[in-house]
Amino acid sequence: MGGFPHSIHFTGLNKPIRAEHAVRNLEIIGEIPREIDGAFFRAVPDPAHPPIFEDDILLSADGMISRFSIHDGHVDHDIRFVETARFKAERAARRALFGKYRNPFTNHPSVEGVDSTVANTTPVWHGGRLLMTKEDGHAYEVDPASLATIGSWTFNGRLRSQTMTAHPRLDPVTGEMFFFGYEANGLCTTDIAYCIADKSGELVSEQWFKAPYCASLHDFAITENYAIFPLFPTTADLARLKAGGEHWAHQQDLESWVAIMPRYGKVDDVRWFKGPKGVSAFHLVNAFEDGGLVHLDHCLSDTCAFAFMREAGGINRAPQDIKGALTRWTFDMAKPGDSFVERPLGPPGDLPRLRDADQGRAYESAWYLTMNPQGGPPIPGGPVGAMFNALVEVFPATGRLAMLGLKPGMGLSEPVHVPSRDADKAGWLLTVVDTQMGEDDFRSELWVLDAGDITRGAVARALLPVRARPQVHGVWVSSAELARTR
Ligand code: V55
Ligand code: FE
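Given the structure is predicted, the values throughout are model-derived calculations rather than measurements.

Asks: Give a description of the state of the cysteines that names residues and reports values.
Replies: Evaluated as defined, the whole model comprises zero disulfides. Cysteine 214 supplies the cysteine sulfur nearest to cysteine 195, a cysteine that is in no disulfide, at a spacing of 16 Å. Unpaired in terms of disulfides, cysteine 214 finds its nearest cysteine sulfur in cysteine 188, a separation of 5.4 Å.

Okay, here's the thing in structure tokens:
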């Protein structure tokens with residue numbers, strides 16, 4: 001085939017850009033607070049080549065690493081492809097060689113055995129290394145200064161799991177990184193690897209356990225004493241893959257499960273709790289302990305957010321008919337049994353951001369993206385095809401909500417939090433905001449918000465001279481931390 005498909009995954013804000021660039025001194029409106037000093041790294045999927053299949057999706061696009069460097073009120077932007085083995089093979093051939101999303105049976109025979117991950121989901125900073133992750137494979141290490149790709153990161157060859165999540169959890173007190181890999185023993189296997197890296201980045205623990213089915217295990221959570229793995233019934237099937245089908249199909253009639261184990265304990269001590277049928281969450285805000293209770297706060301929906309996963313499961317549901325809420329599941333660890341209590345905490349949404357220091361602890365507030373009732377129809381773009389147009393701060397203990405709703409024709413991406421030097425101050429949020437100017441014409445800006453009062457809107461904006469494609473996740477790394485690069 002010739003060019004890019006005309007589907008939502010390749011048009012509008014999702015129209016491929018594919019250009020690596022370095023822009024110095026972005027035009028600034030307002031004043032960037034001087035205490036913001038560091039780098040905002042973002043994972044931006046962008047397909048380097050037109051796909052083999054017309055129905056290809058954004059989740060398959062090659063990872064690009066974007067960086068806003070902020071010093072003394074100035075902002076620079078750089079973006080480069082992560083040069084994965086897959087990217088290099090396709091670049092040499094000047095065409096796509098990998099087929100459908102995570103289906104190796106649809107790949108060109110010339111790439112058999114070539115690492116297929118696209119490293120397009122989350123930039124992770126740990127142990128002085130910058131990693132670009134994707135849950136279907138190993139992370140790629142990237143040089144945080146040049147953004148050059150260093151190579152596949154397997155913890156010095158020690159990680160046995162064939163995969164690593166894009167959502168590790170970093171303990172703010174111990175500096176450890178807790179993470180997992182699912183399909184750890186290969187395609188469609190039910191093995192989950194639960195791993196811990198110490199604060200220097202060395203793998204110190206890897207244990208495997210079995211899941212009741214091969215679930216799309218996108219995120220997990222830690223508390224001071226537990227590791228928590230929620231399994232939602234979006235499942236993989238080898239026969240379907242061999243027949244050229246989708247990796248994932250959502251199963252509306254299958255139970256969800258939550259595995260909870262002592263975070264430094266043995267996987268044999270996993271306790272399984274049975275949850276509602278057919279529900280789905282990709283992102284967890286946080287988990288924490290409250291006496292003998294464990295609370296898990298997450299972005300829950302009554303079905304899967306991705307249309308292609310619903311359709312593969314025979315579910316016909318319009319996006320506007322999907323119901324959800326920011327939801328708390330509470331587990332009483334002192335009681336036997338496999339049940340738990342559910343209550344809503346906030347409006348439906350996704351892409352939550354917690355202060356790093358609150359990870360695994362009781363927290364006062366967190367932020368996530370939602371829809372502004374006054375924001376008009378969402379602008380097309382992003383992995384699910386529609387951009388969020390409001391940011392909310394939720395205070396679970398009081399139920400208070402603060403909202404920044406964008407105007408019609410605007411959308412925003414997951415924010416990062418920049419702590420203030422003054423511990424009493426709330427710090428700042430950084431988020432990329434896109435505004436539709438014409439049919440295929442968008443303007444992209446980096447907004448700086450006051451984390452103590454998001455309703456004020458941007459306190460400063462840095463204007464990109466070219467449109468940006470939607471990011472997935474991002475991370476803030478201060479200059480002090482970057483000085484610890486290995
Ligand atoms: C997600 C994102 C992915 C993926 C699977 O946000 C799930 C959910 C950007 O890639 O491959
Ligand atoms: Fe994610």
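Asks: Go over the sheet that holds strand β7 (residues 129-133) with me, naming the residues and quoting the values.
Replies: Sheet architecture is open: four strands sit in the order β6-β7-β8-β9, paired in antiparallel fashion. Two strands in the sheet have a free side with no partner beyond their single neighbour: β6 (122-126) and β9 (149-153). Each strand of the sheet is rotated relative to its neighbour by a mean of 30 degrees, with strand direction disregarded. With five bridges joining them, β6 and β7 adopt antiparallel strand pairing. Considered in β7, the bridge of valine 124 is made with leucine 131.

Asks: Residue-level account of the layout of surface pockets, with values.
Replies: Empty space among the atoms becomes visible once a probe the size of a water molecule is rolled across them. The volume enclosed by the second largest pocket comes to roughly 1100 Å³. Contributions of two or more residues to the lining of the second largest pocket are made by β6, β10 (169-170), β20 (280-290), β24 (350-353), β29 (416-418) and β33 (474-478). Across the lining of the second largest pocket, the residue classes tally to 17 nonpolar, 12 polar and 11 charged.

Asks: So, the environment of threonine 235: which residues are in play, and what are the values?
Replies: Tracing the chain through its elements places threonine 235 in strand β16 (residues 234-236). Remark: the alpha-carbon pair of threonine 235 and leucine 217, spanning 18 residues in sequence, is separated by 9.4 Å. Apart from the residues lying within four places of it in its own chain, the contact partners of threonine 235 are Tyr213, Cys214, Arg240, His247, Trp248, Ala249, Gln251 and Leu254.

Asks: Mind laying out the coordination of the iron ion (ligand 2), listing which residues take part and the relevant values?
Replies: All of the protein donors around the iron ion (ligand 2) are His167 (NE2), His218 (NE2), His283 (NE2) and His473 (NE2); their distances to the metal are 2.0 to 2.1 Å. Because the angles between the four donor atoms bound to the iron ion (ligand 2) fall within 93 to 162 degrees, the donor set is best described as irregular. Donor residues for the iron ion (ligand 2) sit on one chain with the sequence pattern H-x50-H-x64-H-x189-H. Taken as a pair, histidine 283 in strand β20 and histidine 473 in the loop between β32 (458-463) and β33 lie far apart in primary sequence, 190 residues in all. Exposure remark for histidine 473: the relative accessible area of 2% places this residue in the buried category.

Asks: Run through the site of ligand 1, naming residues and quoting values.
Replies: By nearness alone, every residue bordering ligand 1 is listed as Leu59, Tyr101, Asn120, Thr121, Lys134, Glu135, His218, Phe282, His283, Phe306 and Val472. Threonine 121 is positioned such that a nitrogen or oxygen atom in its side chain is 3.3 Å from an oxygen atom of ligand 1. Histidine 218 places a side-chain nitrogen or oxygen 3.5 Å from an oxygen atom of ligand 1. Bound to the protein, ligand 1 loses 97% of the 300 Å² it would expose on its own. Residue composition of the shell around ligand 1, grouped by class: five nonpolar, four polar and two charged.

Asks: Lay out the side chain of histidine 49 with the relevant residues and their values.
Replies: If you trace the backbone, histidine 49 turns up in the loop between β3 (38-45) and β4 (63-71). A relative accessible area of 14% means that histidine 49 is categorised as buried. Non-local contacts of histidine 49, meaning those with residues more than four positions away in its chain, are made with Phe4, Glu90, Arg91, Arg94, Arg95 and Ala96.

Asks: Give me the lowdown on helix α1 (residues 85-93), citing residues and values where you can.
Replies: Inspection of α1 places Arg86, Phe87 and Glu90 among the buried residues, and these make up the whole buried set. Mapping the buried residues of α1 onto a view down its axis gives an arc of 95 degrees, with all of them on the same face. Those residues of α1 hidden inside the fold are in contact with β5 (74-81). Just beyond α1, the residue with positive phi is arginine 94, at close to 55 degrees.

Asks: Give me the nonpolar core: which residues, what numbers.
Replies: Counting 34 residues, the largest nonpolar core has Ile192, Tyr194, Phe209, Phe220, Phe229, Leu231 and Met309 as the members making the most contacts within it. When contributions to this core are tallied by element, the ones reaching two or more residues are β11 (177-182), β12 (191-197), β15 (226-231), β18 (255-262) and α3 (307-312). Isoleucine 192 has contacts with Phe180, Gly181, Tyr182, Ala184, Gln207, Trp208, Phe209, Ala211, Leu217, Phe229 and Leu231, leaving out every residue within four places of it along the chain. Counting residues in each nonpolar core, the second largest holds 20 residues, with Ile36, Ile70, Val75 and Val416 among its members.

Asks: Report on the sheet that holds β15, specifying residues and quantitative values.
Replies: What the four strands build is an open sheet, ordered β14-β15-β18-β19; its pairing is antiparallel. The open sheet has two edge strands with one neighbour each: β14 (221-222) and β19 (271-277). Of the pairings in the sheet, the one linking β18 to β19 comprises six bridges and is antiparallel in character. If you follow isoleucine 260 over to β19, its bridge partner there is arginine 271.

Each value, and the rule that gives it
Residues numbered from 1 in each chain as written. Chains lettered and ligands numbered in written order. Predicted model: local features only at pLDDT ≥ 70, side-chain atom pairs only at ≥ 80, totals over all residues. Heavy atoms only, no water. Disulfide = S-S within 2.5 Å. Pairing = 2+ DSSP bridges. Helix = DSSP H or I, 4+ residues; strand = E, 2+ residues; numbered from the N terminus. Axes fitted to C-alpha atoms, helices over the stretch in contact; angles between N-to-C directions. 1 Å grid on protein atoms, 1.4 Å probe; cavity = no way out; pocket = protein on both sides within 12 Å on 5 of 7 lines; lining within 4 Å. Points joined across faces, edges and corners; volume = space filled by probe spheres on them. Nonpolar A, V, L, I, M, F, W, Y, C, P; charged D, E, K, R; others polar. Contact = heavy atoms within 4.5 Å. Donors = N, O, S within 2.8 Å, 3.2 Å for Na, K, Ca; no water. Tetrahedral: all angles 85-135°; square planar, octahedral: opposite > 155°, others 65-115°. Buried < 20%, exposed > 50% of the residue type's maximum accessible area, 1.4 Å probe, protein only. Near = heavy atom within 4 Å. Polar contact = N/O pair within 3.5 Å; in protein donor to acceptor, adjacent residues only side chain to side chain. Areas by Shrake-Rupley, 256 points an atom, 1.4 Å probe, with all protein chains shown as cover. Arc of directions from axis to C-beta. Core = buried A, V, L, I, M, F, W, Y, C linked by side-chain atoms within 4.5 Å.

None of the figures reported here should be taken as evidence of function without further support.
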